[in-house]
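# Structure assessment
So the chains spell out like this:
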Amino acid sequence: MSREDPPTNAVLSVRDLSVSFATRQGVVRAVDGLSFDVGAKEVLGIVGESGSGKSVAMYSMLGLVRDANVSISGSVRFEGREILGLSDTEMQSMRGGEVGMIFQDPMTALTPVYTVGWQIVEQLRAHSDMTKKAAYERATELLAEVGIPDPKSRVNHYPHEFSGGMRQRVVIAMALSCNPKLLIADEPTTALDVTTQAQILDLMGRLQATHGSSIVIITHDMGVIAEIAHRVVVMYAGRPAEIGPELDVVRSARHPYTWGLLGAVPRADIKTRRLVTIPGNAVSPLEVPTGCAFAPRCQYRMEICAQRPPLRGADDHLDACWLSDEQRLVIRSSATVRGES
Amino acid sequence: MSDDVLLRATDVVKSYSSRRRVKGLRSLNTAVNGVSLEVKRGETLGIVGESGCGKSTLARCLVQLLPVTSGHVEFNGVELTTLSRRQLRPHRRQMQLVFQDPYASLNPRRTVGDIVADPMRINKIGSDAEINARVRELFETVGLDPSALRRYPHEFSGGQRQRIGIARSLSLNPSLVVADEPVSALDVSVQAQVLNLMTDLQDEFKLTYLFIAHDLGVVRHVSDRVGVMYLGEIVELGEAELLYEKPLHPYTEALLSVVPELNDTDAPRRERIIISGDVPDPADRPTGCSFHPRCPAATDICTSEKPAFVELRPGRFVACHHPRNVDSIAPTS
């Protein structure tokens, strides 16, 4: 994967994004105070378990959460321009144009009733003045670029005629068709087998290097983050628990939730003895504590955890936890957080 | 059959006739293509493979939920494939299943207490009071509150439902538990809880597991021995740690090399071997070795001759003309 380009100026800048839904049972705070930047050519990973708000955060930014009971606040700047509250037409010209999207299930991202070529052409023509003929040629080129064999004939095939991995390549070709500055990929490899996942991650890494797009990749898999991301946001219950460079977060995680998440992964590369477990279940979004959201499951809980911890830290490695650096040192040296007991 | 083998499969084939025609002939879709394996008492045999490799079909054939097309399955020394349904019953009790989808595998209209009690009622084991006491005990064993047994499945989270599925599988004191992707629908923190539970239960009840999963990390973690499946065949089988450290089959090697790893040490990661293309159609198998069209080590012999599944080193079986890492593994005798 290409990692040589460090983040420079932010392409996407999210500040204090909150998304809540009014339901009959009460207010669901799906995203609560999320802030991060994505630099030019940077790959940012957002990791969290189901219900952590990682997808809702991205969808709401792009105006894809169309629910009468939703309220979105905060600020989302794309290339310096505020995009929260843009009109539908403005949003539409941005989505698929400057911002490309890759979804988890390629079958739902493609319509089954048109050929893949037709679908790419439609997108190209919606965002440019290309003629039909030129757009078809470009579609064929794009399929070749994402590694689909025999693109000249495949461009006239329907999605069901492709395998899962090939379909995801088509979706990537579509997402890249208008040379987006930002690519948002929601669990792009989760539905794929490990060998296909490797092909797709490899492709995304190469395309990112050649097109120079920034990528936000949403995943539940810390391994995928380690493969492709420069920086990572760990989310829990709609809030950022920890943000930092990928290597720092994996090697010197600061938040107890991140410790649990890393220790719970059964490894294919080394022998794991007993897995670290986080006791209990994910907190109900209706009952997120006013203090630290993770406190009810945290074995290092203190009195102060009844208050919400600020996101703080040194340089670019931030965490939302009341533990002091000394306390963390003691806990980490006990080695139980990594399942090395 | 030696005493330490609980289940032995010999050359098990499961094929379906398909309406499709391949090369003008009505095709035969061979989901399991001649699998031989042994599951030893008290061990966990992991079966790992990508989607469509036939691992679930194999599991269903082994427990006789699907009739085999040919081949033999011996359980506790008894040949199962020739038994009638009635004759199978006492053996079925000994082999229980845990399923992948904790939503689809529990009847939404029955209370979870009933779900766990049903196997005992069907097999007429014990009085109502005894069954009731046993259900409570099982709930505690799997870490659920017995006061919840009058609730319905929808009131439980995915991890809790999988615990209910495990409690049900244990209700008849089976000797073999076949778990088909038991944790793949769960979040990683919940997955860890369920895997630890399964490990504890194995120790407590001396269970034998046949553990089927696509996640290579999960399989390494739980298994004593591992079989790797590709296109309906076991291409490699061996002791888990050795197989992961020194894979013999090029497919195993490639598979292991592309698992995303956490960069938490300075150890260099395995060199990634990205195999191109997709798994072939099981109705239109390649000639010779099934893996040869995608294999980086393939030569002429691989296209013409099917490699035999042989014990290359003690306990290490492989079906390959050009096995890897052979020199670094101690030879036989």
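Up top you'll find the structure we're talking about.
Everything in this summary refers to the structure shown in the same document.

So, about the nonpolar core. Core analysis: the biggest nonpolar cluster contains 130 residues, and Ile172 of chain A together with Ile166 and Leu216 of chain B have the highest contact counts within it. The next biggest cluster of nonpolar side chains, apart from the first, holds 36 residues, and it includes Val19, Leu44, Ile83 and Met91 of chain A.

All names here are of chain A. Applying the stated criterion across every chain yields a total of 34 salt bridges over all chains. For Arg206, the salt bridge goes to Asp202, with nearest N and O atoms at 3.6 Å. Pair noted here: Arg206 and Asp202 are both in helix α8 (residues 194-211), with a separation of four residues, about one helical turn. Looking at Asp202, the relative accessible area reads 24%, which means it is partly exposed. We note a salt bridge from Arg254 to Asp325, for which the minimum N-O separation is 2.9 Å.

Attention now goes to the packing of helix α5 (residues 158-170) of chain B against helix α6 (residues 188-205) of chain B. Residues and elements named next belong to chain B. One can describe the packing of α5 onto α6 by two numbers: an axis separation of 10 Å at closest approach and a directional angle of 20°. Taken together, the axes of α5 and α6 lie roughly parallel to each other. In the crossing of α5 with α6, the sense of the turn from one axis to the other is right-handed. Contact residues: Gly159, Gln162, Arg163, Ile166 and Leu170 in α5; Val190, Gln193, Val194, Leu197, Met198, Leu201 and Phe205 in α6.

With that settled, consider the sheet that holds strand β4 (residues 70-78) of chain A. Residues and elements named next belong to chain A. Taken in spatial order, the four strands line up as β2-β1-β4-β5 in an open sheet, and their pairing is antiparallel. Of all strands in the sheet, those bounded by a partner on one side alone are β2 (26-39) and β5 (81-82). Relative to β4, strand β1 (residues 10-23) runs antiparallel, the two being bridged by eight bridges. Across the sheet, the residue bridging to Arg15 is Ser75, located in β4. Helix α1 (residues 54-61) rests against β1, β2 and β4 of the sheet, and its axis sits at about 105° to β1.

Okay, the environment of Gly165 of chain B next. All names here are of chain B. By the secondary structure assignment, Gly165 is in helix α5. According to the relative accessible area criterion, Gly165 is buried, its value standing at 7%. C-alpha separation for the pair Gly165 and Leu97, spaced 68 residues apart in sequence, amounts to 8.5 Å. If near-sequence neighbours (up to four positions away) are discounted, Gly165 is found in contact with Val98 and Leu106.

Cut-off values and rules
- Residues numbered from 1 in each chain as written.
- Chains lettered and ligands numbered in written order.
- Predicted model: local features only at pLDDT ≥ 70, side-chain atom pairs only at ≥ 80, totals over all residues.
- Heavy atoms only, no water.
- Core = buried A, V, L, I, M, F, W, Y, C linked by side-chain atoms within 4.5 Å.
- Buried < 20%, exposed > 50% of the residue type's maximum accessible area, 1.4 Å probe, protein only.
- Salt bridge = Lys/Arg side-chain N within 4 Å of Asp/Glu carboxyl O.
- Helix = DSSP H or I, 4+ residues; strand = E, 2+ residues; numbered from the N terminus.
- Axes fitted to C-alpha atoms, helices over the stretch in contact; angles between N-to-C directions.
- Parallel < 35°, antiparallel > 145°, perpendicular 65-115°, else oblique.
- Left-handed = near helix turned anticlockwise from the far one by under 90°.
- Contact = heavy atoms within 4.5 Å.
- Pairing = 2+ DSSP bridges.

Coordinates in, geometry out; function isn't part of it.
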